[in-house]
Amino acid sequence: MSVLGVPILEGLYPSTMDLYPLEAKEFNRIHQFYENLRQKRFTTTKCKKCGSEPFPPRVVCPKCNSDDLEWVDLPTEGKVLRFTEEVAGVPLGFEAPLIHALVDLGGGRKLISRVVNCKEGQLKEGDTVKLAVFDIPPMIIEKKGVMAEAERVFFAFEPVK
Amino acid sequence: MPDRNVCIIGGGMSKWGVREASIVDMTQEAAKDCFDDVPALKKEDVDGLLFASSHCGRRSFQVNAAPVMAERIGIKPTSMCTRVDTLCAGGSSGIILATGLIKAGMADIVMIAGGEKLYTPQRWETYYSELASIDHDWDGAQGIGLPPPFFSMTAQEHMKRYGTTKEQLSAVSVKNRRNGATNPKGHFQKAVTMEEVMAARPIAPPLGLFDCTPVTDGCAAVLLTHEDKAKELSDRPLVYIRGTAQATLHSMSMNWPGEHLADWLHLRTAAKRAYERARVGPGDIDVAQTHDCFTISEIIEMEDLGFCKKGEGGHFVESGQSDFGGKVPVNTDGGLLSCGHPFGATGIRQAREMLHQLQGRAIKQVEGAKIGLTHNLSGLNVEHTILIYGREP
């Protein structure tokens, strides 16, 4: 696979152009989040000392600085508060209409997520959406001159039929 | 310990738009325009450079850009030479930092330059690179890199909660494009009508083409120094930096600090501090340049900067209160909607316009303006930055 204008990049993986996180354990201390995602679990880290449960997951508690953390589950269903269907200027890697929703997961947690498996005009405020986990292209890690593929998943939400 | 009053003494801009030029070219154009504005200043007397750019690292493949720019501009900084990156607020961050350095006696004459070359040879990379502008692993990977979806939801929230109308959103665009029509440096020199804005092609409804700032290449530069040096270098009225603030309360969408998307707590937090530091209130502001990346942004800014009550921003704009002759003219040079938004340059462009307004030499002058405010929101609305300028220290 050649790269136009930059032939020296032929067959190489430019990770700085990768829109997804470098999830592999060799590059990421919260790789467990993605391992949990693979099991259809939406998780974050809870501080064993002060109990705080920030999202996204951390390696150090932002409240009390403890590094004694454990993985806990977050809700995988939520309610659509607002949503938007972007019809122009969608970045490469996504298709128009690119649908996003402000999702209320309860307990004061709201996040903006992509909504997949959903047609334009289908979503309504108040709808329930659930976690959707899907495969994304593997990242490439060079180990002693050998290119290894590290499988990856990512998440969005989708309408509950 | 020195505690010197700090003045802005000159400003310049490259032409902004879709430019057949590199970021290095445009930085030279902006610096030349700035030096031409202060003829008594010798280049060798500039002892500091702060270069505000985010995407030079990505789209121009140039990190550590400050020494490159210093060399091309033809200055040899001895107190400070560094790059500043807070995306849309980079220029304002540079001005705040330079103010601190000069106030403390650590620098004497500092140039703050900055800007972006956002258009890449293939257009996909222009948009794709935006995934680096926000919390990459969480919001970027959700495809929220380009901001219209986020501000579409913000607009819907404001409309549902306060009854704001699409006409009121459009009024922001009509005003700012009218103000920018006579600004030769901006991206557009063409006013638009209410009908054109209302009928424009949708981007992320309710936001249409004219509700969004365009993608723009460009650079800008200003010069700051202490009061004594400012008097020495220019006979123009002195313009002081009176108060500043920059507030960050979160980095990604899950941790939004307000009650809802149209409630900008971090803006109110920054405004409170900036007003206190400047010893003024919102009623004292004669002219303002606020961050109109989207029409809805300017409406919420009117509220959370304290120019009107919460929920009344749409009416405030529609009734002409943010236009010439109103309570506080806003975005007198066209703002982001008309000038465009090469991130690191925007705060510098606002500072230059404020310098012109307070010295009585703006293209569209607010008569007798003595106190002015500039504001940026940056990233996916994660940070708010405010500077207050005045004719008195």
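Residues numbered from 1 in each chain as written. Chains lettered and ligands numbered in written order. Predicted model: local features only at pLDDT ≥ 70, side-chain atom pairs only at ≥ 80, totals over all residues.

Caption draft 1: Structural view of the overall build of chain B. Broken down by element type, chain B carries 14 helices and eleven strands. Radius of gyration (C-alpha) of chain B: 19 Å, near the 21 Å computed for a compact globule of 393 residues. When the backbone C-alpha atoms are referred to their principal axes, chain B occupies close to 55 × 45 × 40 Å. Taken over 393 residues, chain B has a buried fraction of 63%. (Helix = DSSP H or I, 4+ residues; strand = E, 2+ residues; numbered from the N terminus. Rg over C-alpha atoms; globule rule 2.2 N^0.38 Å. Buried ≥ 20, exposed ≤ 12 C-beta atoms within 10 Å, placed from the backbone.)

Caption draft 2: Broad picture of the overall build of chain A. On a plain count of helices and strands, chain A comes out with one helix and seven strands. When the elements of chain A are put in sequence order from the N terminus, they spell out α-β-β-β-β-β-β-β. The dimensions of chain A, computed from C-alpha atoms along their principal axes, are 50 × 45 × 25 Å. Within chain A, the proportion of its 161 residues that are buried is 27%. Across chain A, every contact between residues at least 6 apart in sequence was considered, and the portion connecting residues at least 24 apart equals 50%. (Contact = placed C-beta atoms within 7 Å.)

Caption draft 3: A look at the sheet that holds strand β5 (residues 109-114) of chain A. All names here are of chain A. Taking strand neighbours across the sheet as the criterion, the five strands line up as β5-β4-β3-β6-β7 in an open arrangement whose pairing is antiparallel. Edge positions in the open sheet fall to β5 and β7 (146-159), since each of these has one partner strand only. Ignoring strand direction, the axes of neighbouring strands in this sheet form an average angle of 30°. Judged from the six bridges that link them, strand β4 (residues 98-106) and β5 form a sheet pairing that is antiparallel. Counterpart to D104 in the pairing with β5 is K110. (Pairing = 2+ DSSP bridges. Axes fitted to C-alpha atoms, helices over the stretch in contact; angles between N-to-C directions.)

Caption draft 4: The nonpolar core, seen in detail. Residue and element names in this part refer to chain B. Residues M111, I112 and L224 are the most contacted members of the largest nonpolar core, which totals 144 residues. Top element by residues in this core is helix α14 (residues 343-358). It accounts for seven residues. For this core, the domains that each give at least three residues are domain 1 (6-122 + 217-233) and domain 2 (146-215 + 241-390). In this structure M111 touches A31, C34, V46, L49, I75, A221 and L223, once residues within four positions along its chain are discounted. (Core = buried A, V, L, I, M, F, W, Y, C linked by C-beta atoms within 7 Å. Domains from an automatic or database assignment.)

Caption draft 5: Seen up close, the pairing of strand β1 (residues 6-13) of chain B. Residues and elements named next belong to chain B. Of all eight residues in β1, eight are buried, a share of seventy percent or more. Inspection of the sheet shows β1 paired to strand β7 (residues 218-226) by seven bridges, in the antiparallel sense. When the sheet's bridge partners are listed, M13 is paired in β7 with A220.

Caption draft 6: Inspection of the domain arrangement of chain B at higher detail. Residue and element names in this part refer to chain B. Taken domain by domain, chain B holds domain 1 (6-122 + 217-233) and domain 2 (146-215 + 241-390). Opposite the 34 residues of domain 1 that make contact, domain 2 presents 31 residues. For the side of domain 1 that touches domain 2, the secondary-structure elements that each account for two or more residues are β1, α4 (90-103), β4 (109-116) and β7. Considering every element that reaches the side of domain 1 that touches domain 2, the biggest residue donor is α4, with seven residues.

Caption draft 7: Molecular detail of the packing of helix α7 (residues 166-180) of chain B against helix α11 (residues 295-304) of chain B. All names here are of chain B. Close contact between α7 and α11 brings their axes to 8 Å; oriented N to C, the two are set at 95°. On the basis of their axis angle, the class for α7 and α11 is roughly perpendicular. In this structure, α7 uses Q168, L169, S170, V172 and S173 to contact α11, whose residues at the interface are T295, I296, E298 and I299. (Parallel < 35°, antiparallel > 145°, perpendicular 65-115°, else oblique.)

Caption draft 8: Highlighting unusual backbone geometry. Residue and element names in this part refer to chain A. Residue P56 follows F55 across a cis peptide bond; omega there is 0°. Secondary-structure assignment places P56 in the loop between β1 (43-47) and β2 (69-73). Of note, the bond from A96 into P97 is cis; its omega dihedral lies within 30 degrees of zero at -5°. Relative to the assigned elements, P97 resides in the loop between β3 (77-86) and β4. One non-glycine residue with positive phi stands out, namely N117, at about 55°. For N117, the position within the fold is in the loop between β5 and β6 (128-143). Located in the positive-phi region is K144, a residue other than glycine, with phi close to 50°. Position of K144 among the secondary structure elements: in the loop between β6 and β7. A count of 5 C-beta atoms within 10 Å places K144 in the exposed class.

Caption draft 9: Highlighting the confidence of the model for chain B. Residues of chain B with pLDDT of at least 70 account for 100%, and the chain-wide mean is 97. For this predicted complex, the interface confidence score (ipTM) comes to 0.95, while the overall pTM stands at 0.97. (pLDDT = per-residue confidence, 0-100.)

Caption draft 10: Structural context of the interface of chain A and chain B. Each partner contributes to the interface: chain A provides 25 residues, whereas chain B provides 29 residues. At the level of secondary structure, the elements contributing two or more residues to the side of chain A that touches chain B comprise β3, β4, β5 and β7 of chain A. Of the residues belonging to the side of chain A that touches chain B, the class tally is 16 nonpolar, four polar and five charged. (Nonpolar A, V, L, I, M, F, W, Y, C, P; charged D, E, K, R; others polar.)

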